[in-house]
Amino acid sequence: MTHHYEVIVCGGGMVGAATACALAHGGIKVALLERFNPERQWPPEPIDIRVSALTKASQNILEMLGAWPGMLQRGVCAYRDMRVWDAGADGELHFDCADTPFSELGHLVENRVAVAALWDQLDALPSATCIAPAKVIDMQLNENSRQLRLQDDRTLEADLIIAADGRDSTLRAMAGIAVTGWDYHQDGLVATVTTEMSHQFTAWQRFLAEGPLAFLPLNNGQCSIVWTLSSATAKKYLALADKDFLQVLEQASGGILGKMLDVGPRAAFPLRFQYANRYIDQGFALCGDAAHAMHPLAGQGVNAGLLDAAAIAELVIQTKQEKRPLSSSRFLRRYERWRKGDNLMMMSTMDALNKTYRITAEPLVGLRSAGMNLVNSSVLAKTYFNNYAMGLRDDLPKLAKRQICW
């Protein structure tokens with residue numbers, strides 16, 4: 001027996017769950033497939049090492065989807081300041097929420113908190129079906145639909161398949177969509193640390209020779225670190241005893257938060273610049289990391305993915321309201337034009353910054369530092385960069401601007 005839906009979203013992480021939730025709010029009959037049932041409850045400690053910095057635009061999307069109250073209940077942390085400085089020179093940047101209309105610049109949230117809150121919403125939406133565990137092993141293209149076969153031999157069919165199954169997307173490979181990119185030969189080392197001094201609800205980032213080290217504030221007073229290192233150094237640091245790792249980390253921090261007192265489990269993930277050559281195919285679209293993977297130095301990956309989710313949901317809902325087939329490639333081409341250019345610009349900016357701060361030649365280091373200080377002293381430049389980083393732009397999907405699209 002084949003179960004038919006209007007849309008099937010593959011991948012139940014933050015981006016996939018947000019996509020399914022937005023579609024279901026718009027009355028689309030949607031199924032969300034995920035390989036594992038996400039956790040909904042957990043003990044207060046330890047903090048999940050997978051933490052994301054959400055912009056105001058992302059907060060707007062999650063509020064419009066009804067997930068934000070559940071996230072607040074489980075715990076998020078507002079950050080009000082951001083301080084960035086160059087370890088190799090005297091350049092620095094300071095962004096303060098006092099220079100904006102808001103009481104914070106953004107929020108730090110454990111990924112599992114957002115996922116759980118979104119799945120709670122999906123449970124309450126009558127047009128949404130969550131199927132987990134579910135592993136797709138085959139995808140076939142029919143005349144006006146696509147058919148998926150699961151590992152347990154169930155068959156599902158939909159007018160549109162949306163792949164939000166991560167950087168190594170299985171569905172993207174099944175669709176025959178190639179990617180362009182390169183390895184950075186860097187890893188992002190993540191952990192939760194306890195520091196001597198308060199984080200002051202500030203996001204701290206220090207640019208070092210191998211890559212940036214970020215301290216991101218958490219509600220319990222700890223910090224989540226994201227440390228970009230060469231793959232060899234990351235492997236070495238993962239193998240250190242906690243005491244030795246804390247000593248290395250304290251030295252790398254420049255003492256900005258005092259002594260490093262404690263560290264939880266550590267992990268590292270390889271960094272890659274990658275984009276799908278096409279975001280769409282017949283009755284098929286890519287969202288989030290399945291479409292683009294960028295350097296994490298500004299924490300924009302998940303925010304770009306949530307904008308993808310809001311954009312494609314808006315266009316699918318509009319297409320149905322206009323009584324046009326959801327297998328039509330017309331609105332999918334609009335989605336690709338809308339999001340691909342914006343994502344490539346953000347990715348290229350992160351790539352350029354990463355390469356710039358790995359330069360050690362003295363004249364260029366001085367020039368880089370002078371540029372940081374120039375931006376820091378310019379109200380107009382800081383406002384522009386601040387607004388862009390917070391996701392306050394005119395070309396955003398309706399949900400990101402707190403407007404109804406259904």
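This one's a predicted model, so the numbers in the text were calculated from it and none came from an experiment.

*Asks:* Could you give an account of unusual backbone geometry, with specific residues and numbers?
*Replies:* Of the consecutive residues glutamate 45 and proline 46, the connecting peptide bond is found in the cis state with omega at 0°. On the secondary structure map, proline 46 appears in the loop between strand S2 (30-33) and strand S3 (51-54). Of note, the phi angle at aspartate 153 is positive, near 75°, even though the residue is not glycine. Counting through the fold element by element, aspartate 153 comes out in the loop between strand S10 (146-150) and strand S11 (155-163). Not every positive phi belongs to a glycine, and histidine 185 is a case in point at roughly 55°. If you trace the backbone, histidine 185 turns up in strand S12 (residues 179-195).

*Asks:* Can you explain the nonpolar core? Please cite residues and give values.
*Replies:* Residues Val7, Ile8, Leu33 and Met71 are the most contacted members of the largest nonpolar core, which totals 83 residues. No other element matches the eleven residues that helix H8 (residues 301-321) contributes to this core. In this view, isoleucine 8 contacts Ala31, Leu33, Leu148, Leu156, Glu157, Ala158, Leu160, Ile161 and Ile162; residues no more than four positions away in its chain are not counted. Phe95, Leu216, Met372 and Tyr388 belong to the second largest nonpolar core, which has 33 residues in total.

*Asks:* Report on the packing of aromatic side chains, specifying residues and quantitative values.
*Replies:* Inspection of every chain in the model, using the stated rule, returns nine aromatic pairs. Ring geometry for tryptophan 182 against phenylalanine 273: centres 4.3 Å apart, planes inclined by 5°, an arrangement best described as stacked. Here the residue tryptophan 182 occupies a position in strand S12, and phenylalanine 273 occupies one in strand S17 (residues 267-276), the gap between them amounting to 91 residues. Owing to a relative accessible area of 35%, tryptophan 182 belongs among the partly exposed residues under this scheme. Ring centres 6.2 Å apart and planes at 55° place the aromatic pair tryptophan 227 and phenylalanine 245 in the tilted group. A residue pair is termed long-range when its members are at least 10 positions apart, and tryptophan 227 in strand S15 (residues 223-230) and phenylalanine 245 in helix H7 (residues 242-253) qualify at 18 residues. The pair formed by tryptophan 227 and phenylalanine 245 is uniform in burial state, with each residue classed as buried. Taken together, the aromatic side chains of Trp182, Phe273 and Tyr275 make up a single cluster linked through ring pairs. In this structure, lysine 29 packs its charged tip against the face of tyrosine 5, placed 5.4 Å from the ring centre.

*Asks:* Describe in detail the environment of alanine 31, supporting the description with residues and values.
*Replies:* Structurally, alanine 31 is set in strand S2. On a C-alpha basis, the gap between alanine 31 and methionine 294 in space is 28 Å, while along the polypeptide they are 263 residues apart.

*Asks:* Can you explain the packing of H8 against helix H9 (residues 329-356)? Please cite residues and give values.
*Replies:* Two elements in contact, H8 and H9, have axes whose closest approach is 10 Å; the angle formed by their N-to-C orientations is 160°. It follows from the interaxial angle that H8 and H9 lie roughly antiparallel. The two elements H8 and H9 meet at a crossing, and its hand is right-handed. Side by side, H8 and H9 meet where Ala304, Leu307, Asp308, Ala311, Ile312, Glu314, Leu315, Val316, Gln318 and Thr319 of the first sit next to Phe331, Leu332, Arg334, Tyr335, Trp338, Arg339 and Asn343 of the second. Its residues assigned to classes, the contact of H8 with H9 shows ten nonpolar, three polar and four charged.

*Asks:* I'd love a proper account of the sheet that holds strand S4 (residues 77-79), names of residues and values included.
*Replies:* The sheet built from three strands is open, its strands ordered S3-S7-S4 with antiparallel pairing. Of all strands in the sheet, those with a lone pairing partner are S3 and S4, marking the two edges. Sheet twist, expressed as the average angle between the axes of neighbouring strands with direction ignored, equals 25°. Where S3 meets strand S7 (residues 106-110), four bridges bridge the pair, whose relative direction is antiparallel. Residue pairing for S7: serine 52 is matched across the bridge by valine 109.

*Asks:* How would you explain the pattern of salt bridges if you had to name every residue and give the values?
*Replies:* Opposite charge on two side chains lets them pair, provided their charged atoms get close. Considering all chains together, one arrives at 22 salt bridges under this definition. The closest approach of N and O atoms between glutamate 39 and arginine 112, which form a salt bridge, is 3.8 Å. Note that glutamate 39 is positioned in the loop between S2 and S3 and arginine 112 in helix H4 (residues 111-124), a separation of 73 residues in sequence. Taking relative accessible area as the criterion, arginine 112 reaches 12% and is therefore assigned buried. One salt bridge in this structure joins arginine 40 and aspartate 120, with 2.7 Å as the shortest N-O distance. With arginine 40 in the loop between S2 and S3 and aspartate 120 in helix H4, the pair connects residues that are 80 residues apart, well separated along the chain. The exposure class of arginine 40 is partly exposed, given its relative accessible area of 26%. For aspartate 120, a relative accessible area of 30% puts it in the partly exposed group. Each of Asp308, Arg339, Asp342, Arg393 and Asp395 takes part in one network of salt bridges that share partners.

*Asks:* Could you give an account of a positive patch on the surface, naming the residues involved and the relevant values?
*Replies:* Residues Arg330, Arg333, Arg334 and Arg337 make up a contiguous surface patch of positive charge. Position of arginine 337 among the secondary structure elements: in helix H9. Classification of arginine 337 as exposed rests on a relative accessible area of 60%.

*Asks:* So what about a nonpolar patch on the surface? Which residues, and what values?
*Replies:* A surface patch of nonpolar side chains, about 270 Å² in accessible area, is lined by Ile359, Leu364 and Leu367. Its place among the elements puts leucine 367 in helix H10 (residues 362-377).

*Asks:* Can you break down the packing of H10 against helix H11 (residues 379-390) residue by residue, with the values?
*Replies:* Remark: H10 packs on H11, axes separated minimally by 5 Å, with the N-to-C direction vectors making an angle of 95°. Considering their axes alone, H10 and H11 lie roughly perpendicular with respect to each other. Between H10 and H11, the contacting residues are Val375, Asn376 and Ser377 on the first element and Val379, Ala381, Lys382 and Phe385 on the second. Residues that form the contact of H10 with H11 fall into these classes: four nonpolar, two polar and one charged.

What counts and what doesn't
- Residues numbered from 1 in each chain as written.
- Predicted model: local features only at pLDDT ≥ 70, side-chain atom pairs only at ≥ 80, totals over all residues.
- Heavy atoms only, no water.
- Helix = DSSP H or I, 4+ residues; strand = E, 2+ residues; numbered from the N terminus.
- Core = buried A, V, L, I, M, F, W, Y, C linked by side-chain atoms within 4.5 Å.
- Buried < 20%, exposed > 50% of the residue type's maximum accessible area, 1.4 Å probe, protein only.
- Contact = heavy atoms within 4.5 Å.
- Phe/Tyr/Trp six-rings, centres within 6.5 Å; stacked < 30°, edge-to-face > 60°.
- Lys NZ or Arg CZ within 6 Å of the ring centre and 35° of its normal.
- Axes fitted to C-alpha atoms, helices over the stretch in contact; angles between N-to-C directions.
- Parallel < 35°, antiparallel > 145°, perpendicular 65-115°, else oblique.
- Left-handed = near helix turned anticlockwise from the far one by under 90°.
- Nonpolar A, V, L, I, M, F, W, Y, C, P; charged D, E, K, R; others polar.
- Pairing = 2+ DSSP bridges.
- Salt bridge = Lys/Arg side-chain N within 4 Å of Asp/Glu carboxyl O.
- Patch = residues over 30% accessible without salt bridge, like charges linked within 9 Å, V, L, I, M, F, W, Y side chains within 5 Å.
- Areas by Shrake-Rupley, 256 points an atom, 1.4 Å probe, with all protein chains shown as cover.
- Lys, Arg positive; Asp, Glu negative; His and termini not counted.
- Charge placed at Lys NZ, Arg CZ, Asp CG, Glu CD.

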